[in-house]
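# Architecture and fold: a report
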Amino acid sequence: MYPPVSSSVKFPEIEREILAYWKQSRIFEQSLQKSAREMVFYDGPPFPTGTPHFGTIFVSILKDALARYFTMAGYSVPRRWGWDCHGLPIENAVEKKLGIGDKSQIEKQLGVAAFNNECRKLVADCNTAWESYINKIGRWVDYAHAYRTLDLPYMESVLWVFKQCYDQGLIYKDYRVTPYCYHCETSLSFSDIRESDSTRPRQDPEVIVRFKALDAVAGKPTWYLAWTTTPWTLISNLVLAVGADFSYAAVEHEGAVYIMAEALVPKWAKLFGGKPHVVKTFVGSELVARRYEPIFPYYRDLAKENYFRILAADFVTLDDGVGVVHCAPAFGEDDYWLCKRNGLGVRNPVDAKGCFTAEIPEFAGQNVHAANKDVIRALKANGALMHHSTIEHNYPHCWRCRTPLIYRAMDAWYFAVDKIKDRLLKHNEEINWVPEHVKHGRFGKWLEGARDWNISRSRYWGTPIPVWECEAAGCGQRRVLGSLAEIKDAAGAVDTAGAADAAGRELTDLHKEFLDEVVLKCPVCGKPMRRVPEVLDCWFESGAMPFGQCHYPFENKEWFESHFPADFIVEYPGQIRCWFYYLHVLAVALLDRAAFKNCLVHGTLLAEDGGKISKSKKNFTDPMELIDRYGADALRLYLLGSPAVVMEDLDFKNAGVHDQIKQVLLPLWNAFSFFVTYANVDQYAGDPARQPESTHALDQWILAKLYRAEQEVGQAFKTFYLNRSLTPVTAFIEDLTNWYIRQSRARFWGGGLTTDKRQAYDTLYYALVTLLKMLAPSAPFVADYLYRQLTGEASVHLAAWPKVPEQYRNDALIEETGVAQTIVSLGLALRQKAGLRVRQPLPGIQVALPSSVDSGVVARQMDIIRNELNVKTVTLLADPGAVATLRATPNARVLGPKWGRAVQAIIKAAKAGQLREQGDKIIVFEGPQEWAIDRQDIDLSYQGKDGMDVLGDKGVLLALDKTLTPALREEGIANELNRIIQDLRKTAGYAVSDRIELTIEGELDPAWCKHLLQLALAESAELGEAQADATSRETIEGRAFRVSIRKKKEA
RNA sequence: GGGCGUGUAGCUCAGUUGGUUAGAGCGCGUCCCUGAUAAGGACGAGGUCCCUGGUUCGACUCCAGGCACGCCCA
């Protein structure tokens, strides 16, 4: 016996029950033990701050569905959680908590050790919120053995990775311009300014200034104009840049001459009193090497050394500004490289806090952004200012502290990505990206343009850069230590006072406060060597995750080798330039191969209105609330079936979740309920190991559908296009419930377990069990709940992915049933048009089929068609021409190559019906032209004539005979009465098998009365209304009836 | 400004090497409770496949150019 099925089902309750069961029976752990073959998955570590948001939940569902599929497909899929514990986000949260506004407070007052301890505490505190979220959506993942980037073994592996790269010459220190946050007092990499909200609108001054030219034009005082939104950088101006191919105009105004791009003169006509007077034009290259006077005096001396000249540069555009770009090589990347190429250096009068140094007495101590005002005042005072206004533009901000960034030249450590670019590109070819355009699109393009990576941060909470430099001026000795043992050995040899504490001691922590204590002795000059102050970019650490998570190469060498690269990884598009990229860079650098074989990039969930999901706007429902309302399965089905799986955006709609219940879960539940109801009546017990062998066409049809569905679903999972896995499942459920079960009901009704009934049970059971397996990765709760009841096995998630045998494949039967379904559809439409309910039997239908369809279909599908349409006969139309016109559909695919240019005329004529048969050929004609077409190359069918009582679709034509004989009318009335009786039974609350007494009052053929008694399991009785359990009075076809029923007393 | 992607029914989306009647779900309209299912079923209406040009016997599909939107980058 199967447990009885409740008709009102509450999915969230089932899910809670299943979660408890999984935990108690350790199903996840068992699933990992199933196979010796492993599918390697790397989990991208999230920051442990805050709570999971919609995006995190989505990616978790994707990872879970894939892992469950591969588990069923015969792999063990260990899923180890990870935490990205280091980096600026954590540091900033701690700064906020402690009210720290300045790095000096950390270094001088609090101390690095205390600060890092706070970071450590914060990271530990935040970890707890995640587990219940992840658990509730049904994600199986190993929390207990999560790797953490702050753990000693992990950090040691990171040191090792660093050293490997260093030894290969891939890491170097350089003084150059990088994005810089003067609050965090650190440089940032380009990945740090990737966050979508890091580039935000900001109001800045917009000024045009003039530089005095040393070459006068037309004998008048001559000036170069330049435009900037960072007036503070004018203090450090060293050169001007022009586009070599642009045309520049000399504009005369009030006795002076101004040079700017000709194309932009009209835009800035107001500078010249509205009427610019161009006296001469130059090509940009003519201006190159001309000299000018600096506006500010601080670097005036450099004029002797080739500074304050005009250079040509390709970054000059005519989009905004005046076509002459002012360059301060300390504060602009383009400026820096331009000067460097031209052998010019850098002058940087701005300190780490973003304030001018004493080198600039007038502005010393002023923050650069704050100084803009005074700089502009000074420009005005010395006559350089030509224009001043304010513009709002997008400007990069620090992704955590929101301070506007500046670009600033400074010392930093770089990874020479450029050196390995060829190999990065080569190994990208080995990666299967989903969607595939990422390979040569966003990722490939990013690799092509890859620049050296700034891997150092002037911060505290991260893996320290393991480089020691001799403090003696000019010595230049450097050592890189890549393991605890190396550090211990090196430190042990030190005899300076500063190193006494650390000498020879085993470190138990590699954070900055410990490693900075390690001082080495310079092998050349004997002076102390101290560690450089920077820590590593936390992307270096997460990129080193394949090594760090298993403490490679210090431990688990074999394990590592069998778990690299990953078989698949899954993250959002932001990681294309971050985690995916850094994993790839480090793997290629160290092992000369890609770090992952398959990479699924999913899309972004947006709010219902298409806007960004925003906690402050509250434009979305908390996913946990949706799970409480509809269940996690519904949420999963909605997301997994959406194009957001493959990097598209999805406007998330709560109704979409609800739809899954209506379209997938409830029909599934009802099919299950149907099976259980009858199986219990017949004492049928399904055997999961048995494959049905049925001679019944319906069974063969649903098995053929099942075969086809599995092909599609399996393919979808195998190729990582998960969103394609659900359409076939939904379609199958539709086929199962609205055709197979609907047509098969009568087979389950009779008494006893006949051969046909057993075949029906076997088929339905097999279909249900297989369906649940296909649904298990996506809807793991309800699939397991039903599967366990059907099979008595421990879990669907321990079952093997179904292999529907090839022998069930039957494309012809699917085709043929499709024709029957079309016929039924047409019949129902004709009935509806004529206002004839299905309950009223009709004499018959006549069918015309297109020439491409075997007319044997009608005979083979006869019973179903008659039953569905409630007609007595189904025949082929003797003379379709009477009610329909002949339609010809040439097979263009075949005729095209055969007939070439003529094919269009043939198609046109054939469609117009200009054809006749001649032997085994069809002659198509147009005027005097005739073409003889092979019969199999043209499909003949009929289209109903207007006004005739026929309908056609897909070449099938149907005519309905609506003649109502008295006998048919009588049968229709009987059917109505039967409906009334069944309705009464149901409302009276009888069981299906209860026997009753029945009274029918009214005019009806006694034969039909007898039939109704049989159908209703009834004996005729003379029941007054008072004696009856229920009574109905109705008038049918003008005849008044009274029907009363009473449950028969048990004998 | 550049790169990538997208544009198909009111909405969300499918659409097989190019083949002449472009599909589904939701929504909408009409109808229907014959013992699994009203959190259901049937039927129907609804399309300039973004635009322009090209290639081709034939283009939603391929190519070029434009437009719109999204993401990424300058």
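Structure report, in brief. (Residues numbered from 1 in each chain as written. Chains lettered and ligands numbered in written order. Predicted model: local features only at pLDDT ≥ 70, side-chain atom pairs only at ≥ 80, totals over all residues. Heavy atoms only, no water.)

### Points about the protein's contact with RNA strand B
Neighbouring residues of RNA strand B: 50 residues in total, closest Arg 442, Arg 577, Ser 825, Arg 887 and Arg 979. Counting only atoms of RNA strand B within 4 Å of the protein, the sugar-phosphate share comes to 57%. The side chain of Tyr 678 places a nitrogen or oxygen atom 2.8 Å from a phosphate oxygen of RNA strand B. Contributing elements (two or more residues each) for the surface near RNA strand B: helix H13 (437-448), helix H22 (654-682), helix H24 (726-749), helix H27 (811-834), helix H31 (892-899), helix H32 (903-911) and helix H33 (966-988). Class assignment of the residues belonging to the surface near RNA strand B gives a composition of 16 nonpolar, 16 polar and 18 charged. (Near = heavy atom within 4 Å. Polar contact = N/O pair within 3.5 Å; in protein donor to acceptor, adjacent residues only side chain to side chain. Helix = DSSP H or I, 4+ residues; strand = E, 2+ residues; numbered from the N terminus. Nonpolar A, V, L, I, M, F, W, Y, C, P; charged D, E, K, R; others polar.)

### Side note on empty space enclosed by the protein
Counted according to the given criterion, the structure contains three cavities of 30 Å³ or more. Taken as a whole, the largest cavity spans an internal volume of roughly 100 Å³. Along the walls of the largest cavity sit 13 residues, with Gly 87, Leu 88, Arg 457, Asp 537 and Cys 538 positioned nearest its centre. Contributions of two or more residues to the lining of the largest cavity are made by helix H4 (88-98), strand S22 (535-536) and helix H16 (538-543). Residues of the lining of the largest cavity, tallied by class, amount to seven nonpolar, one polar and five charged. (1 Å grid on protein atoms, 1.4 Å probe; cavity = no way out; pocket = protein on both sides within 12 Å on 5 of 7 lines; lining within 4 Å. Points joined across faces, edges and corners; volume = space filled by probe spheres on them.)

### Some words on the nonpolar core
Formed by 135 residues in total, the largest nonpolar core has its most connected members in Phe 675, Leu 736 and Ile 845. The element best represented in this core is H22, accounting for 13 residues. Core analysis: the second largest hydrophobic core is formed by 76 residues, Ile 235, Leu 240, Tyr 248 and Leu 287 among them. (Core = buried A, V, L, I, M, F, W, Y, C linked by side-chain atoms within 4.5 Å. Buried < 20%, exposed > 50% of the residue type's maximum accessible area, 1.4 Å probe, protein only.)

### What to know about the pattern of salt bridges
Scanning all chains against the criterion turns up 58 salt bridges. The closest approach of N and O atoms between Asp 43 and Lys 63, which form a salt bridge, is 2.6 Å. Of this pair, Asp 43 sits in the loop between helix H2 (27-33) and helix H3 (54-72) while Lys 63 is found in helix H3, placing the two residues 20 residues apart along the sequence. With its nearest N and O atoms 2.8 Å apart, the salt bridge here joins Arg 969 to Glu 1037. Of the two residues, Arg 969 is situated in helix H33 and Glu 1037 in the loop between strand S38 (1030-1036) and strand S39 (1039-1047); the sequence distance between them amounts to 68 residues. According to the relative accessible area criterion, Glu 1037 is partly exposed, its value standing at 49%. One salt-bridge network, held together by shared partners, links Arg 837, Arg 839, Glu 976, Arg 979 and Glu 1034. (Salt bridge = Lys/Arg side-chain N within 4 Å of Asp/Glu carboxyl O.)

### Notes on the packing of helix H12 (residues 421-428) against H13
Across the interface, H12 lies against H13 with an axial gap of 9 Å and an inter-helix angle of 165°. On the basis of their axis angle, the class for H12 and H13 is roughly antiparallel. The handedness of the crossing between H12 and H13 comes out as right-handed. Mapping the contact onto sequence places Lys 421, Leu 424, Leu 425 and Asn 428 in H12 and Lys 439, Phe 443, Gly 444, Leu 447 and Glu 448 in H13. (Axes fitted to C-alpha atoms, helices over the stretch in contact; angles between N-to-C directions. Parallel < 35°, antiparallel > 145°, perpendicular 65-115°, else oblique. Left-handed = near helix turned anticlockwise from the far one by under 90°. Contact = heavy atoms within 4.5 Å.)

### Describing H12
Buried residues of H12: Lys 421, Leu 424, His 427 and Asn 428, and no others. Here the buried residues of H12 occupy an arc of 135° about the axis, which is enough to place them on one side. Where H12 is buried, its residues touch strand S15 (432-434), H13 and helix H19 (579-591). (Arc of directions from axis to C-beta.)

### Observations concerning the side chain of Thr 463
Along the polypeptide, Thr 463 turns up in the loop between strand S17 (456-457) and strand S18 (467-470). In this structure Thr 463 comes out as buried when scored by relative accessible area, which is 0%. For Thr 463, the contacting residues outside a window of four places in its chain are His 86, Met 155, Val 158, Leu 159, Val 535, Leu 536 and Glu 541.

### Some thoughts on the sheet that holds S18
In space, the four strands of this open sheet follow the order S19-S18-S21-S20, with antiparallel pairing throughout. What marks the edges here is a single partner per strand, and that holds for strand S19 (478-480) and strand S20 (520-521). One ladder, built from three bridges, connects S18 with strand S21 (residues 528-531); its direction is antiparallel. Looking at S21, one finds that Cys 470 is bridged to Met 529. (Pairing = 2+ DSSP bridges.)

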